[in-house]
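Commentary on secondary and tertiary structure
Okay, here's what each chain looks like letter by letter:
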Amino acid sequence: HFALFPGNPRWPEGTEELTYAFNPGNDLSDTVKGVFAAAFARWAEVTSLTFRETASYFSADIRIGFFSGDHGDGEPFDGSLGTLAHAFSPTNGRFHLDADEDWVVSGDVTQSALSTAVDLESVAVHEIGHLLGLGHSSLEEAVMFPTISSRRKKVVLAHDDIEGIQFLY
Ligand code: TQI
Ligand code: ZN
Ligand code: ZN
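The structure presented is a predicted model; accordingly, all values stated were derived computationally and were not measured. (Residues numbered from 1 in each chain as written. Chains lettered and ligands numbered in written order. Predicted model: local features only at pLDDT ≥ 70, side-chain atom pairs only at ≥ 80, totals over all residues. Heavy atoms only, no water.)

Concerning the pairing of strand E2 (residues 50–53)
This is how it is decided: Two strands are counted as paired when DSSP detects at least two bridges linking them. Secondary structure elements are taken from DSSP: a helix is a run of H or I of four residues or more, a strand is a run of E of two residues or more, and numbering for both begins at the N terminus. Crossover handedness is defined here as right-handed if the route from the first strand over the helix to the second strand goes clockwise, with the strands pointing away from the viewer.
Two strands pair when backbone bridges link them, and strand E1 (residues 17–22) and E2 are joined in this way by four bridges, in the parallel orientation. Counterpart to Leu18 in the pairing with E2 is Phe51. Crossover connection from E1 via helix H1 (residues 30–44) to parallel E2: handedness right-handed.

Written out as structure tokens, the structure is:
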């Protein structure tokens, strides 16, 4: 079953649109940005929330960046596998990904030659769930379940994920 964070934090009542921006230091391709847009769209489809990219990293509601190792927030990344990404509960908006993962951005992660390949959209859908206020689900099929194998793709919201987000929004 789905879980929320202690105190059930959410984006404020009346929030219609959340803006997101990419760390200007990363200079991401349109393909990578498209993966995040697709991940946001999965949550937009089942709520009344919309998500819009903005160029202004510092004023965006959600700030997305790839970082290596210690990146100044007390939660260092650890190289390949282990921690893949972290995001925080509402209304923090920080969404960091480990730059040292073998991210699969397009193409089929299940066919990757790298045993360490990680599907970017799968992780993005999960982390956006945290950004919106979902904790971890006890149901294996949920996107919000706390483990995923490398070379797995899990991007379709389960009923449990949808129930959780519709409880909040
Ligand atoms: N990162 C953890 C996660 O997102 C960080 C974390 C641990 C966390 N406990 C938390 C974040 C509680 C918010 C609330 O769960 S991770 C997966 C999964 C990770 C794990 O790198 O371990 C995904 C990131 F679920 F698949 F294992 C993305 Cl999809
Ligand atoms: Zn961080
Ligand atoms: Zn998680």
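As for the coordination of the zinc ion (ligand 3)
The condition that has to hold: Only nitrogen, oxygen and sulfur atoms count as donors, using a 2.8 Å cut-off from the metal that widens to 3.2 Å for Na, K and Ca. Water is left out, so coordination shells may look unfilled. In this scheme, a residue with accessible area under 20% of its type's maximum is buried, one over 50% is exposed, and one in between is partly exposed, where area comes from a 1.4 Å probe on protein chains only.
All of the protein donors around the zinc ion (ligand 3) are His126 (NE2), His130 (NE2) and His136 (NE2); their distances to the metal are 2.0 Å. On the primary sequence, the residues serving as donors to the zinc ion (ligand 3) are separated as H-x3-H-x5-H. Of this pair, His126 sits in helix H2 (residues 120–132) while His136 sits in the loop between H2 and helix H3 (159–168), and the two are 10 residues apart along the sequence. Residue classification places His136 among the partly exposed positions, given a relative accessible area of 39%.

Overview of the packing of aromatic side chains
The following threshold applies: Two rings belonging to Phe, Tyr or Trp (six-membered ring only in the last case) form a pair when the distance between their centres is within 6.5 Å. Interplanar angles under 30 degrees mark stacking, angles over 60 mark edge-to-face geometry, and anything in between is tilted. Look at NZ for Lys and CZ for Arg. If either is within 6 Å of the ring centre and within 35 degrees of the ring normal, a charge sits over the ring.
Following the criterion strictly, the structure yields nine aromatic pairs and no others. With a centroid separation of 5.8 Å and 75° between ring planes, the pair formed by Phe36 and Phe95 is classed as edge-to-face. Placement of Phe36 in helix H1 and of Phe95 in strand E5 (residues 94–98) is noted, with a sequence separation of 59 residues between them. Among the residues examined, Phe95 registers a relative accessible area of 0% and is labelled buried. These aromatic residues form a ring-pair network of at least three members: Tyr20, Phe22, Phe36, Phe40, Phe51, Phe66, Phe95 and Trp103. Sitting above the plane of the Phe88 ring, Arg94 keeps its charged end 4.1 Å from the centroid.

What about the coordination of the zinc ion (ligand 2)?
Taken together, His71 (NE2), Asp73 (OD), His86 (NE2) and His96 (ND1) make up the full set of protein donors to the zinc ion (ligand 2), lying 2.0 to 2.1 Å away. Counting along the primary sequence, the residues that act as donors to the zinc ion (ligand 2) give the motif H-x1-D-x12-H-x9-H. Highlighted residues: Asp73 in the loop between strand E3 (62–67) and strand E4 (85–87) and His96 in strand E5, separated in sequence by 23 residues.

Here's the deal with the layout of surface pockets
Convention followed: Each cavity reported here is a set of points on a 1 Å grid over the protein atoms alone in which a 1.4 Å probe fits but cannot get out, each pocket an open set with protein on both sides within 12 Å along at least five of seven lines, and each lining residue one with an atom within 4 Å of a point. Grid points are joined across faces, edges and corners, and a volume is the space filled by probe spheres set on the points. Residue classes follow a fixed rule: Ala, Val, Leu, Ile, Met, Phe, Trp, Tyr, Cys and Pro count as nonpolar, while Asp, Glu, Lys and Arg count as charged, and any other residue, Gly among them, counts as polar.
Taken as a whole, the largest pocket spans an internal volume of roughly 540 Å³. For the lining of the largest pocket, the elements supplying multiple residues, two or more each, are E4, strand E7 (117–119) and H2. Element by element, the count of residues in the lining of the largest pocket is highest for H2, at five residues. Per-class residue counts for the lining of the largest pocket are 13 nonpolar, 11 polar and five charged.

Observations concerning H3
Since the α-helix advances by 3.6 residues per turn, residues separated by three or four positions end up pointing in the same direction. To keep it simple, the criterion reads: An arc is given here, and it is the one of the directions from the helix axis to the C-beta atoms. Here a residue-residue contact requires only that any non-hydrogen atoms of the pair lie within 4.5 Å.
Considered for burial, the residues of H3 that qualify are Asp160, Asp161, Gly164, Ile165 and Leu168. Around the axis of H3, the buried residues are gathered within 130° of arc, so they sit on the same side. Set apart from the buried face of H3 by more than 90 degrees, the exposed residues are His159 and Phe167. At its buried positions, H3 is contacted by H1 and H2.

Digging into the site of ligand 1
Using the following cut-off: Any residue with at least one heavy atom within 4 Å of a molecule or strand is counted as near it. Two N or O atoms count as a polar contact when they lie within 3.5 Å, although within protein this holds only if one can serve as hydrogen donor and the other as acceptor, and sequence-adjacent residues are included solely when both atoms are side-chain atoms. Here the accessible surface of atoms and residues is derived via Shrake-Rupley with a 1.4 Å probe, and residues count as covered only by protein chains that are part of the display. For a molecule to be placed in a cavity or pocket, more than half of its atoms must lie within 2 Å of the grid points of that cavity or pocket.
Not every one of the 14 residues close to ligand 1 is listed here, only the nearest: Leu84, Ala85, Glu127, Pro146 and Ile148. Separating an oxygen atom of ligand 1 from a side-chain N or O atom of Glu127 is a distance of 2.6 Å. His136 places a side-chain nitrogen or oxygen 2.9 Å from an oxygen atom of ligand 1. Look at ligand 1: alone it shows 560 Å² of surface, and the protein chains cover 74% of it. When atom positions are compared with the pocket grids, ligand 1 is found to occupy the largest pocket. No other element matches the four residues that H2 contributes to the shell around ligand 1. In terms of residue class, the shell around ligand 1 is made up of eight nonpolar, five polar and one charged.

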